[in-house]
Amino acid sequence: METQAVVPVPAELAAVKEGEAGDLDRLGGRFRAAAAADGLLDIAYRVMDSPVGPLLLAGTERGLLRVAFDREGHDSVLESLAATISPRILLAPARLDAAARELGEYFALRRQAFDLPLDFRLATGFRREVLAHLPEIGYGHTASYAAVAALTSSPRAVRAVGTACARNPLPLVVPCHRVIRSDGSWGAYLGGADAKALLLDLEAGAA
Amino acid sequence: MAGHGAAVLRVCRALVGVQEADDVWQETFLAALRVYPSSGNVRNWEAWLVAIARNKAMDHHRAAGRLPIPVADGAPETSGSPAAPGGDAVAHGSVERSVEAGQDAALVWAALSTLPLKQREAVVYHHLAGLAYAEVAGLLGNSEAAARRAAADGMKALRALLVQDREDCS
């Protein structure tokens, strides 16, 4: 989960490092496959570059579990997943291939809706209900927090809608960036106000 | 855990030989992953992984029915310790024959395999896996001073062997 630890090796033994990086790549690939086959890999993650900075993608057997912006602190997000879901977390890009591909297409203006299995277990109760309604706001459109609240079972819970968006475990894929203030200003965003502006501009330009 | 792959690989290679090390490495990390959720109070992950690797190496030798290879200098072996490398075990004096010229890594592993087990373990755990002597002592069941001495003796013997090998090769 951390980067390769550097062990200083005495010069006369330095030859043991010959070919080691390649051997570890090979062993790592074999190991991830074996761990997944044994049901030992609960959460796979990868990091992808995007116009809104590096994105952490984490997924379970059920689907995409978490998308995190750089400013959320990828390490602390992984630590939190380890504490709340399972400590069996591995850098295993293959499981996130589909998610990374669809996000790449979204940023390249070739995709307007996501077609990915999602694991919503990080959002429960009303927060989950709010997230379920967000995809109803179409690509290139926006809705106010009050308008989203009106779609839910608690139409007056405007602040709670704000909280649900602020804690959305699957930003971008579940479009909380399309929820803005009633006065038309964009409001806060998990990925930062600049990221929200970039996404809304991107969708407005492509739609 | 991913950051400790190299250290664990070196330990596996030193204890079971380069040929067999891949399997023992994988068994070590699978075992670690299996018990990981219940290992909340581990203070040093690397020492923890090295201890698992050492056990897996022992299991490996046991499964292969190999006995520990007597060491050349007659130092007493601790019963239950992992045996010398099997597949590519090399007796004293034949290091150069087992190694093709230019394969420096193989040269080092071969030289290491000729050391008494305690020295070999001390050298690998401290110098190649980066564990502190206190942790090495914990694995070897001796004192920190004894672990330090074993590593120093091991390095001294290794230097002599490697100088010899390089002269033979040139």
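The structure displayed is predicted, hence computed values, not measured ones.

**Looking at the pairing of strand S2 (residues 55-59) of chain A**
Residue and element names in this part refer to chain A. Summarising burial for S2: five of the five residues are buried, a large majority. Judged by which residues are buried, S2 turns out to be covered on both faces: Leu55, Leu57 and Gly59 on one side and Leu56 and Ala58 on the other are all buried. Hairpin connection between strand S1 (residues 43-48) and S2: a loop of six residues separates the two successive antiparallel strands, and glycine 53 in this loop has a positive phi of roughly 95°. Pairing geometry for S2 and strand S3 (residues 64-69), over five bridges, is antiparallel. Of the residues in S3, the one forming a bridge with leucine 55 is phenylalanine 69. Counting the residues that bridge the hairpin from S2 to S3 gives four residues, and of these glycine 63 lies at a positive phi of roughly 155°.

**A few points about the interface of chain B and chain A**
In this complex, chain B contributes 30 residues to the contact, which on the side of chain A involves 29 residues. Within the residue set of the side of chain B that touches chain A, elements represented by two or more residues are helix H1 (5-16), helix H2 (18-35), helix H5 (104-113), helix H6 (117-128) and helix H8 (144-169) of chain B. Ranked by the residues each element gives to the side of chain B that touches chain A, the list is headed by H2(B), at seven residues. Grouping the amino acids of the side of chain B that touches chain A by side-chain chemistry returns 19 nonpolar, six polar and five charged.

**Comments concerning the sheet that holds S2(A)**
Residues and elements named next belong to chain A. Strands sit in the order S3-S2-S1-S4 across an open sheet of four strands; the sheet is mixed. The outermost strands of the open sheet, each flanked by one partner alone, are S3 and strand S4 (89-91). Across this sheet, the average inter-strand angle for adjacent strands is 25°, counted without regard to direction. As judged from the five bridges shared by S1 and S2, these two strands associate in the antiparallel manner. Residue pairing across strands places arginine 46 opposite leucine 57, the latter belonging to S2. The strands touched by helix H3 (residues 97-107) are S1, S2 and S3; relative to S2, the strand with the most contacts, the crossing angle is about 140°.

Parameters and conventions
- Residues numbered from 1 in each chain as written.
- Chains lettered and ligands numbered in written order.
- Predicted model: local features only at pLDDT ≥ 70, side-chain atom pairs only at ≥ 80, totals over all residues.
- Buried ≥ 20, exposed ≤ 12 C-beta atoms within 10 Å, placed from the backbone.
- Helix = DSSP H or I, 4+ residues; strand = E, 2+ residues; numbered from the N terminus.
- Pairing = 2+ DSSP bridges.
- Contact = placed C-beta atoms within 7 Å.
- Nonpolar A, V, L, I, M, F, W, Y, C, P; charged D, E, K, R; others polar.
- Axes fitted to C-alpha atoms, helices over the stretch in contact; angles between N-to-C directions.

Interpretation note: all reported values are geometric properties and have no functional meaning in isolation.
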